[in-house]
Amino acid sequence: MLHPRYPGAVVAGNVETSQCVTDALYGALGSLGASQGTMNNFTFGNDRHQYYETICGGSGAGEGFDGADCVHTHMTNTRLTDPEVLEWRHPVLIEEFAIRRGSGGAGKWRGGDGALRRVRFLEPMTAAILSGHRRIPPYGMAGGKSGAVGHNSVRRADGSVVQLGGADRIEMNAGDVFVIETPGGGGYGAPEKSPDTKDTKDTKEDKNNS
């Protein structure tokens, strides 16, 4: 996987494999819950326009700190184009770019939330997504819960929805919206109970004594 011989696959080694390796090292050391573990590589274009971006997600929590929401993690070193610039240069609209609330893993310290990004196309183009953690969630650490998996889909102008895989390609028409939900980070430490919450055993004993 890290030193493949021809004809072994080598695409996305820098963007996706590096994320897996980094999370594997942190996991082996017991230092952090997993980050979103992917760069969510999104590309689109036609004969006149071409564009490529990576999209942020949740970072993993560690002892003493929560994960961060909507950040580029580990090997990612890019920044998103400002919406005004992107819409000025390409026939798309950024309909929504928001924190995907609740997607970070629960824990004594909570994993960071992923992102929700919706891009509406104003003319036909080909779009592609190369992303990870669409089936296997980013792990939690030391009793923390896993982060939510990501999800890719296209909402057609007629209201129908096309579900996409982690690595997929699709023809976009004017009015279609590409929807990307990025993974959350893993939590760290077992979630703490609320002070006024009794466990099942206590509840049964209270009923027997009443």
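Structure first, text after, so check above.
For every chain, the first residue of its written sequence is number 1, and the numbers climb from 1 along that sequence. Per-residue local features are limited, in this predicted model, to residues with pLDDT of at least 70; the limit for side-chain atom pairs, both in listing and counting, is 80 or more; totals at the level of whole chains, interfaces and linings are taken over all residues. In computing side-chain values, all of the structure's heavy atoms are included and hydrogens and water are not.

Draft legend 1. The overall build of the chain, seen in detail. Only DSSP runs of H or I with at least four residues qualify as helices, and only runs of E with at least two residues qualify as strands; both kinds are numbered from the N terminus onward. The secondary structure content of the chain amounts to three helices and nine strands. For the chain, the spread of C-alpha atoms along the principal axes amounts to about 75 × 45 × 30 Å. Categorising residues by exposure relies on relative accessible area from a 1.4 Å probe, with only protein chains included: less than 20% of the type maximum marks a residue as buried, more than 50% marks it as exposed, and the intermediate range marks it as partly exposed. Per-residue burial over the chain gives 43% buried out of 210 residues. We call two residues in contact when some of their heavy atoms are within 4.5 Å. Considering only contacts within the chain whose residues lie at least 6 apart along the sequence, 69% involve residues at least 24 apart. Of the accessible surface of the chain, which amounts to about 11700 Å², a share of 53% is contributed by carbon and sulfur atoms. A gap of 4 Å separates the mean positions of the 22 positive and 25 negative side-chain charges of the chain. The method behind every accessible area is Shrake-Rupley, applied with a 1.4 Å probe, and residues are considered shielded solely by the protein chains displayed. Only four residue types enter the tally: Lys and Arg on the positive side, Asp and Glu on the negative side, with His and both chain ends excluded. One atom stands in for each charge, and that atom is NZ of Lys, CZ of Arg, CG of Asp or CD of Glu.

Draft legend 2. Quick peek at unusual backbone geometry. Following tyrosine 6, the chain continues to proline 7 via a peptide bond in cis, the omega torsion being 10°. Mapped onto the secondary structure, proline 7 falls in the segment before helix H1 (13-29). A positive phi angle, close to 50°, is found at asparagine 40, a residue other than glycine. For asparagine 40, a relative accessible area of 0% corresponds to the buried category.

Draft legend 3. Fine view of a nonpolar patch on the surface. In this analysis, a patch consists of residues with relative accessible area above 30% that form no salt bridge, clustered at 9 Å for like charges and at 5 Å for the nonpolar side chains Val, Leu, Ile, Met, Phe, Trp and Tyr. By definition, a salt bridge exists where a carboxyl oxygen of Asp or Glu is found within 4 Å of a side-chain nitrogen of Lys or Arg. Together, Met1, Leu2, Val21 and Leu25 give the surface a local cluster of nonpolar side chains, amounting to about 450 Å² of exposed area. When you line up the elements, valine 21 lands in helix H1.

Draft legend 4. Looking closely at the sheet that holds strand S9 (residues 177-181). Think of it this way: DSSP has to see at least two bridges between two strands before they count as a pair. Across the sheet, which stays open at both edges, the five strands sit in the order S3-S4-S9-S6-S7 with antiparallel pairing between neighbours. Edge positions in the sheet fall to strand S3 (92-100) and strand S7 (161-164), since each of these pairs with one other strand and no more. Averaged over all pairs of adjacent strands, the angle between strand axes in this sheet comes to 15°, irrespective of strand direction. The sheet contact formed by strand S6 (residues 151-155) and S7 spans four bridges and is antiparallel. Bridge pairing in S7 links asparagine 152 to leucine 164. Here, axes are lines fitted to C-alpha atoms. For helices the fit covers the stretch in contact, and angles between N-to-C directions go from 0 to 180 degrees.

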